[in-house]
Amino acid sequence: MSFLRVGSLLLLIFLNDSLGAPRSFSVDYKNDCFQKDGEEFRYISGSILYSRIPRLYWKDRLLKMYMAGLNAIQTYIPWNYHEQSPGQYNFSGDRDVLHFLQLAQDIGLLVVLRPGPYICAEWDMGGLPAWLLKKKDIVLRSSDPDYIAAVDGWMGTLLPIIKPFLYQNGGPVITVQVENEYGSYFACDYNYMRHLTKVFRSHLGEEVVLFTTDGAGLNYLKCGSIQGLYATVDFGPGGNVTAAFEAQRHAEPRGPLVNSEFYTGWLDNWGSRHAVVASAVVVRSLNEILALKANVNMYMFIGGTSFGNWNGANSPYAPQPTSYDYDALLTEAGDFTDKYFAIRDVIKMYRQIPEGPAPPTTPKYGYGPVKMIKLQSVSDAVEKLSFSGGVKSMYPLTFIDLNQAFGFVLYRTTLPVDCSTQTPLSSPLNGVHDRAYVSVDGVAVGILERDKVLTVNVTGKAGSQVDILVENMGRINYGKNINDFKGLVSNLTLGKDLLTGWTVYSLSIDEAIGQGIFEEMEPAATDAPQSATLSPPAFYRGSFIIPDGIPDLPQDTYIKFPNWRKGQVWINGFNLGRYWPSRGPQVTLYVPVSVLSTAAPNNVTVLELEVAPCTTGPCTVEFTSTPILNGTVVNEAGLH
């Protein structure tokens, strides 16, 4: 965290006060607008989430937003991105939100800040830290005392370092949202919202404009709006703009009209077609909004990437892919779209846009195929991957029981009886969260999947080793089921009997890769015979050198996985995210230049969970200059 920057801003506050030039931002209820420094003001804003964009590219993306004619940006602050363990805060590198706010100000953009504590955002658990679930019956987003204590600790750390960045203190932040779309949540706990209001006021002061955002319907505003917080609404293109704002007027009879989330595109889920929203529809509705002198924030202006394990999921359980392109105005990689220029033309009608060229599109380079070699299966490498060792338990333990938030856990037991014929291994209470890769004596036998596949058949002798690798595919980020426990959250059965006597391994794969464990690992020996359609989860390694003699390298690229099925990929130790081309729609993963090296070979580590192409064809991944986000979709029933 840059406390020097905070100090310099405090100095600026002092100078402003001493020179008699106070800055102000407020709601003007008489004239139905905002007032900035005593003059009527309307913001035209776009959403950008710094946690989905490498720090190297923050300035590039912000400049492109500024050149489109925006005078503000909107960003969330994901709590779990900064406090991954209780009381341990990280505001450095890609998490340096203060630097991001300063960049916005330097470029000339105001900021609409959304610090949560809940943010939704198609982000794991809506930004709430998974460690909150250590209290198994916690009621999130409510007056539950354990939840409140954690929120108070977080806000007591975050809000004081944000305060110098408020507009009246010399910074860019004009408004601050409290909670997010609370009217869509079952709890409807007014005491919780009152408590948050007091917390925000105590840390940020009485002058800052605090607001709420809810769907444009009276049923949402009933529980989402509360006295002391300015109520705004969100709605997408194609509907009745006047009717949507009438809902806001029910909560706020006077004051500025505000659409805090005007949807320029939409989110994707694995197994569903890539969302596309036509530019013409967005343009027409945006024009109607601006013609009403309303304030608007376009969600998203740039979506970016849910690197690593940060993606969320919808309910009924439907995880989102690594790409958060969102069919937004700038692509996942920050490139211009036709929609960008169409929206810029609308904005031109209402305010002067900056002169001069926008930053150019960042170049992309196809580095070509990279040969991969098989290392070890997860089961064989478990002792290297589980830093804490196996934990013995009569019944399965969850991720949270093991103090693990993300990734994979290996559950190991033995067959208690001979299974000479196909015997069902089942999760009768739908307790596989979220996908389980089952093998017996090193031979893959099937996959269990939350809500979809609850039984696989197994054979083997009594005492045969059963390994079940469970993948957390992202926590639900919206609705009543956000308290989303991971792992085997209920017992498995073999036939009619409970499976007991487990050894459970918490796997630290990110850390193991960061320590170079796989670079030293010898290629795999001959495996047990496997079917052509399923193999035990295993690691693969490859590397490539960025060529000399070509100017301006390295450049951004995309990685694709020809004939690979599903897994996770790391480049130079950086967890890019999940690939699943066999389900779609995302086929390529964005690789920013910030993870590549020209000084040493670039190491590629792949964890393939289902089956690799290496026994039947080329064992390669490929780096290409072109993204594919709208690939063929196969749903859980195998239908196109």
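Details of the structure are given in the entry above.
S.K.: Looking at this structure, I do not really get the packing of aromatic side chains. What am I missing?
M.R.: Aromatic rings considered in pairs are described by the distance between their centres and by the relative angle of their planes. Evaluation of the coordinates by the stated rule reveals 42 aromatic pairs. Each ring, one from phenylalanine 235 and one from phenylalanine 245, has its centre 5.2 Å from the other, and the planes form 85 degrees; the classification is edge-to-face. Of this pair, phenylalanine 235 sits in the loop between strand E9 (230–234) and helix H8 (241–251) while phenylalanine 245 sits in helix H8; the two residues are 10 residues apart in sequence, bridging distant segments of the chain. Just as phenylalanine 235 is buried, phenylalanine 245 falls in that class too. Each ring, one from phenylalanine 518 and one from phenylalanine 539, has its centre 4.3 Å from the other, and the planes form 40 degrees; the classification is tilted. Taken together, the residues phenylalanine 518 in helix H13 (residues 517–520) and phenylalanine 539 in strand E28 (residues 538–544) connect sequence positions 21 residues apart. The buried category is assigned to phenylalanine 539, whose relative accessible area is 0%. Each member of the aromatic cluster is reached from another via a ring pair, and the members are Tyr50, Trp58, Tyr81, Phe100, Trp123, Trp310 and Phe406. The ring of tyrosine 167 has arginine 23 sitting right over it, with the charged end atom 3.8 Å from the ring centre.

S.K.: Please clarify how the side chain of aspartate 234 should be interpreted in this entry.
M.R.: Among the structural elements, aspartate 234 can be located in strand E9. Arginine 114 provides the closest opposite charge to the buried, salt-bridge-free aspartate 234, at an N-O distance of 5.3 Å. Sequence-distant contacts of aspartate 234, defined by excluding residues within four places in its chain, comprise Glu181, Thr213, Asp214, Gly215, Ala216, Asn259, Glu261 and Tyr263.

S.K.: Help me understand the packing of helix H2 (residues 58–67) against helix H4 (residues 97–107), please; the structure alone is not making it clear to me.
M.R.: The axes of two packed helices give the description: the angle between them and the distance between them. Where H2 meets H4, the closest approach of the two axes is 10 Å, and the angle between their N-to-C directions is 40 degrees. The chirality of how H2 crosses H4 is right-handed. Judged by residue contacts, Trp58, Lys59, Leu62, Leu63 and Tyr66 of H2 engage His99, Phe100, Leu103, Ala104 and Ile107 from H4. Taken together, the residues that form the contact of H2 with H4 break down as 8 nonpolar, 1 polar and 1 charged.

S.K.: Looking at this structure, I do not really get the environment of leucine 329. What am I missing?
M.R.: Within the secondary structure, leucine 329 sits in the loop between strand E13 (318–319) and helix H10 (338–348). Each C-alpha atom of the pair leucine 329 and tyrosine 299 lies 9.5 Å from the other, and the pair is 30 residues apart in sequence. Excluding anything up to four places from it in sequence, leucine 329 contacts Thr264, Met298, Met300, Phe301, Asp335, Phe336, Thr337, Lys339, Tyr340 and Ile343.

Reading the values: the criteria
Residues numbered from 1 in each chain as written. Predicted model: local features only at pLDDT ≥ 70, side-chain atom pairs only at ≥ 80, totals over all residues. Heavy atoms only, no water. Phe/Tyr/Trp six-rings, centres within 6.5 Å; stacked < 30°, edge-to-face > 60°. Helix = DSSP H or I, 4+ residues; strand = E, 2+ residues; numbered from the N terminus. Buried < 20%, exposed > 50% of the residue type's maximum accessible area, 1.4 Å probe, protein only. Lys NZ or Arg CZ within 6 Å of the ring centre and 35° of its normal. Lys, Arg positive; Asp, Glu negative; His and termini not counted. Salt bridge = Lys/Arg side-chain N within 4 Å of Asp/Glu carboxyl O. Contact = heavy atoms within 4.5 Å. Axes fitted to C-alpha atoms, helices over the stretch in contact; angles between N-to-C directions. Left-handed = near helix turned anticlockwise from the far one by under 90°. Nonpolar A, V, L, I, M, F, W, Y, C, P; charged D, E, K, R; others polar.

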